[in-house]
There are 2 protein chains.
Amino acid sequence: MSVAVEDQTAATDSERLARAYLLGVAEPPAPHLLEFVGEHGPVVAAERVQAGDCPEQVLRETAARRESTIAEQDLEAAAKAGARLVVPEDHEWPAWPLLSLAVATGNGVKHVAAPLGLWVRGSASLAEAADRAVAVVGARMATDYGVHNALEIGHALATRQVPVFSGAALGIDAAAHRGALSGGGVTVALLGCAVDYSYPAGNVALLDRIADGGALVSEYAPKTPPARHRFLVRNRLIAGLTDGTVVVEAGIRSGARNTATIAGALGKVVMALPGSVHSGSSAGCHALIRDCKATLVTSVDEVLETVGRFGTTAPAAESSRRPTDNLGPEASRVYDALLPRAGRAPEEVAESAGVPVSRVRALLPELEIDGFAVRGDTGWRQIVRTANR
Amino acid sequence: MSVAVEDQTAATDSERLARAYLLGVAEPPAPHLLEFVGEHGPVVAAERVQAGDCPEQVLRETAARRESTIAEQDLEAAAKAGARLVVPEDHEWPAWPLLSLAVATGNGVKHVAAPLGLWVRGSASLAEAADRAVAVVGARMATDYGVHNALEIGHALATRQVPVFSGAALGIDAAAHRGALSGGGVTVALLGCAVDYSYPAGNVALLDRIADGGALVSEYAPKTPPARHRFLVRNRLIAGLTDGTVVVEAGIRSGARNTATIAGALGKVVMALPGSVHSGSSAGCHALIRDCKATLVTSVDEVLETVGRFGTTAPAAESSRRPTDNLGPEASRVYDALLPRAGRAPEEVAESAGVPVSRVRALLPELEIDGFAVRGDTGWRQIVRTANR
């Protein structure tokens, strides 16, 4: 499912250079700069920011790095690391999923401004990967139960050709990526540092494998180190680029809950897995479900049914109906009033069942035809019927 | 908390005798007979049913037992077993909770007609026990996890003076009763057989203990054996007599789900405990939560908060907030841009954080006052702050 990225570009060199500058000059999210770029286009906007010729709020967002940001160097460093800058002018730009960020910002949701561009390292097309995708996220401090479920969900999504987006953190995120890779699918990691920054150290080999057939994606220029606020800012991209977010395991205070909250604010589907009521690692999931912020899911079929876009319906849970379920209320009472080993007269059955004897006389032969009763020398007997399974 | 039942009676002997007859003459629920009794009062209604002088539909409900029902014998047998017949004319009748059944019937919900009377064995007053009560139910085939949780919830409700209603079945029901008993509370068992019928055999000692300080309750005359349909019919009483129903553990096809569905139809609060996504014994609970038919609960505090009537609010889940949570976005970025072991100049911090240097200069002393930063010979350093817990 990996997608070649040739012929995906459409931006001019000057547009890309301007975007590289704009992306580096303000710490994301930068709503005023975004608006300024929307009004003037990236090339003019970059020139004006560089010259200090812009509104007060834009000046403020860009003041600290106005003169130090060198876009050419960033683009060169990216190319050296096998990465590229994808900008809104490119075919590869995931415009449709990211529209949710613009809409939410317009609706007054804070801190969810769309990115000015995205650094991408990997062979997958970002637009194609985000066309139908599910985020699978969770806490770094995960239990075996959580890791197992994240692996399984990642794997099952991959085998259904649904790209798995996550945050490349230790614990649940890493397991979700690994599961997708094991299923031969595309997986995309949204980072809180540069795509050439080896973080977390324990996941460096995993990051390379993700980039092989999927993508590492970041707003941060090459060499940018991780920072706590960057993970929170990054969460809006995980939520925004996907159709729904599954929280596999999260403590009461986990970044994954933050991603879920943002996904909800963006109008995306939010899901969570339940677990033991005694597990602190499921407490965040339970709180999301209890507060009606997430739908409970227990399988990938339920995930896909909840996300809804993919035309999948979860198979009805095994209902193990009993044969007697099809009996009407009176027939059921008559059946219950029979004994398996001793015959009963219709009058006895009628009294025991509280059903008129005339109806009992009519129902008994029907029950016999359907294999629920048999008439013997001593009267009517019950034929014990077990469940179908 | 056991309540003496003296001076609870208000029905006349003839009313009680008539009710004993009416309760035995039709297999519950008997909506037409109930309506007929409502119109004519129990004494006249009983006389007319016995004489066959009643509408066709009432005749039909009562035809099989019209002549065989002997109320005097039932009352005598009950007295011998230490039981009594509680009727709507008694002070002890739980009129208010049972109103939900009449309302639901009026709204077209089927098979939830109110009972014509209730056989009670035990020392608790039915009206007082049902005044504020929670049903705790679940499957007979329970896991250790489910049994443990049922015991805990039963116990915790009892210690909070909330009577625990259940169905006295093996598995979850029995554990809920046992938990309530261990907490020194009142527990009430609604039966699908007579209050003097030893069923299930494995719970006979438990039934006696329930009757000691609580009550065994049934619509079925003394000596009536259990039957499958009687358990389903009984479920409406568990749901109707309580403020809310908690499903502790239930397979996809469990009677406990039926009780939950009825509770929902009666406008009562429905709750379910989550469990492992791999446990078939939690699948029914997950389905109820997923389909928005039940609220997820993980503790008795959450149960009481959800039921809502008892003035309890679940303590906020331990939030383990970090000290840095109170920092504004810019201060947070400045904090992140500091290093614990090496000093940085405000200009470096400004560029790294993407915050104007003038703001950085203002924020650093504030961070110092609050214990987040310190100024040293080589510049500003971060003071690492861990979570409060």
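The model shown is predicted, which means the values in this text are computed figures rather than measured ones. (Residues numbered from 1 in each chain as written. Chains lettered and ligands numbered in written order. Predicted model: local features only at pLDDT ≥ 70, side-chain atom pairs only at ≥ 80, totals over all residues. Heavy atoms only, no water.)

(A) Representation of the nonpolar core. Grouped together as the largest cluster of nonpolar side chains are 80 residues, with contacts concentrated most on Phe165 and Val247 of chain A together with Phe165 and Val247 of chain B. Non-local contacts of Phe165 of chain A, meaning those with residues more than four positions away in its chain, are made with Ala129, Ala130, Ala133, Val134, Ala135, Val136, Val188, Leu190, Leu241 and Thr242 of chain A. (Core = buried A, V, L, I, M, F, W, Y, C linked by side-chain atoms within 4.5 Å. Buried < 20%, exposed > 50% of the residue type's maximum accessible area, 1.4 Å probe, protein only. Contact = heavy atoms within 4.5 Å.)

(B) Just the pattern of salt bridges, in detail. Residues and elements named next belong to chain A. One pass over the structure, following the stated rule, counts 32 salt bridges over all chains. Notably, a salt bridge pairs Asp208 with Arg121, separated by 2.4 Å at the nearest N-O pair. Highlighted residues: Asp208 in helix α9 (residues 204–213) and Arg121 in strand β2 (residues 118–121), separated in sequence by 87 residues. Across the pair Glu347 and Arg361 runs a salt bridge whose closest N-O atoms are separated by 2.3 Å. Separated by 14 residues along the polypeptide, Glu347 in helix α15 (residues 346–353) and Arg361 in helix α16 (residues 357–369) bring together distant segments of the chain. What you see here is one network of salt bridges that share partners, running through Glu27, Arg65 and Arg230. (Salt bridge = Lys/Arg side-chain N within 4 Å of Asp/Glu carboxyl O. Helix = DSSP H or I, 4+ residues; strand = E, 2+ residues; numbered from the N terminus.)

(C) Expanded view of helix α12 (residues 280–290) of chain B. All names here are of chain B. The buried fraction of α12 amounts to nine of the 11 residues, a majority that puts the element mostly inside the structure. For α12, the set of buried residues is Ser281, Ser282, Gly284, Cys285, His286, Ala287, Leu288, Ile289 and Arg290. One or two positions beyond α12, positive phi appears at Cys292, with a value near 60°.

(D) Seen up close, the pairing of strand β3 (residues 134–138) of chain B. Residue and element names in this part refer to chain B. The buried count for β3 comes to five of five residues, which makes it a mostly enclosed element. Going residue by residue along β3, you find Val134, Val136 and Gly138 tucked away on one face and Ala135 and Val137 tucked away on the opposite face as well. Where β3 and strand β4 (residues 164–166) come together, two bridges link them in parallel fashion. Counterpart to Ala135 in the pairing with β4 is Phe165. Between β3 and its parallel partner β4, the chain crosses via helix α7 (residues 144–159), and the hand of that crossover is right-handed. Pairing analysis gives five bridges linking β3 to strand β7 (residues 244–249), with the strands arranged parallel. Residue pairing for β7: Val136 is matched across the bridge by Val246. (Pairing = 2+ DSSP bridges. Right-handed = clockwise from strand over helix to strand, strands pointing away.)

(E) Representation of the UniProt feature "domain: Smf/DprA SLOG" (unreviewed entry) in chain A within the structure. The UniProt record marks residues 87–307 of chain A with the feature "domain: Smf/DprA SLOG" (unreviewed entry), using the residue numbering of this structure. Helix makes up 44% of residues 87–307 of chain A and strand 14%, with an end-to-end C-alpha separation of 28 Å. (UniProt positions renumbered as here; feature names shortened; annotations may be inferred.)

(F) Representation of the interface of chain B and chain A in the model. At the interface, 54 residues of chain B touch 54 residues of chain A. Between chain B and chain A, a total of about 4,400 Å² is buried, with carbon and sulfur atoms accounting for 51% of that surface. Among the residues chain B hides against chain A, the three largest losses belong to Arg228, Arg253 and Arg290 of chain B. Together they make up 18% of the total. Run the count over chain B and chain A and you get eight salt bridges. (Buried area = accessible area lost by both parts, 1.4 Å probe.)

(G) Fine view of the domain arrangement of chain A. Along its sequence, chain A is carved into domain 1 (80–307) and domain 2 (323–382). For domain 1 of chain A versus domain 2 of chain A, the distance between C-alpha centres works out to 59 Å. (Domains from an automatic or database assignment.)

(H) Spotlight on the sheet that holds strand β8 (residues 269–272) of chain A. Residue and element names in this part refer to chain A. In spatial order, the strands read β1-β2-β6-β5-β4-β3-β7-β8-β9; together these nine strands make up an open sheet with mixed pairing. Sheet topology places β1 (83–86) and β9 (295–296) at the edges, where each strand pairs with a single neighbour. Alignment of β1 against β2, held across four bridges, turns out to be antiparallel. Each residue of the ladder has a partner; that of Val86, found in β2, is Leu118. The strands touched by helix α13 (residues 300–307) within the sheet are β3 (134–138), β7 (244–249), β8 and β9, with β8 carrying the most contacts at an inclination of about 160°. (Axes fitted to C-alpha atoms, helices over the stretch in contact; angles between N-to-C directions.)

(I) Main features of the sheet that holds strand β5 (residues 187–190) of chain B. Residues and elements named next belong to chain B. Taken in spatial order, the nine strands line up as β1-β2-β6-β5-β4-β3-β7-β8-β9 in an open sheet, and their pairing is mixed. The strands lining the two open edges of the sheet, one partner per strand, are β1 (83–86) and β9 (295–296). Inspection of the sheet shows strand β2 (residues 118–121) paired to strand β6 (residues 215–218) by three bridges, in the antiparallel sense. Following the sheet pairing, Val120 is matched in β6 by Val217. Here helix α9 (residues 204–213) sits on the sheet and contacts β2, β5 and β6; the angle it forms with β6, its principal contact strand, is near 105°.

(J) Here's a closer look at the packing of helix α1 (residues 13–25) of chain A against helix α4 (residues 71–80) of chain A. Residue and element names in this part refer to chain A. Their axes nearest at 8 Å, the elements α1 and α4 cross at an angle of 100°. In terms of axis orientation, α1 runs roughly perpendicular to α4. Residues Arg16, Leu17, Ala20 and Tyr21 of α1 form the contact with α4, whose participating residues are Ala71, Glu72 and Leu75. (Parallel < 35°, antiparallel > 145°, perpendicular 65-115°, else oblique.)

(K) Examining α15 of chain A more closely. Residue and element names in this part refer to chain A. Turning to α15, its buried residues are Pro346, Val349, Ala350 and Ala353. Burial along α15 is one-sided: seen end-on, the buried residues are contained in an arc of 100°. Gly354 sits one or two positions beyond α15 and adopts a positive phi of about 70°. (Arc of directions from axis to C-beta.)

(L) Layout of the environment of Arg132 of chain B. Residues and elements named next belong to chain B. Topologically, Arg132 is positioned in the loop between α6 (126–131) and β3. Each C-alpha atom of the pair Arg132 and Gly244 lies 9.4 Å from the other, and the pair is 112 residues apart in sequence. A distance of 3.1 Å separates a polar side-chain atom of Arg132 from the backbone oxygen of Arg160. (Polar contact = N/O pair within 3.5 Å; in protein donor to acceptor, adjacent residues only side chain to side chain.)

(M) Seen up close, unusual backbone geometry. Residue and element names in this part refer to chain A. Here the residue pair Tyr199 and Pro200 is connected by a cis peptide bond, since its omega of -10° sits within 30 degrees of zero. Considering the arrangement of structural elements, one finds Pro200 in the loop between β5 (187–190) and α9. At Lys223, a residue that is not glycine, the phi angle is positive and equals roughly 80°. You can see Lys223 is positioned in the loop between β6 (215–218) and α10 (228–240).

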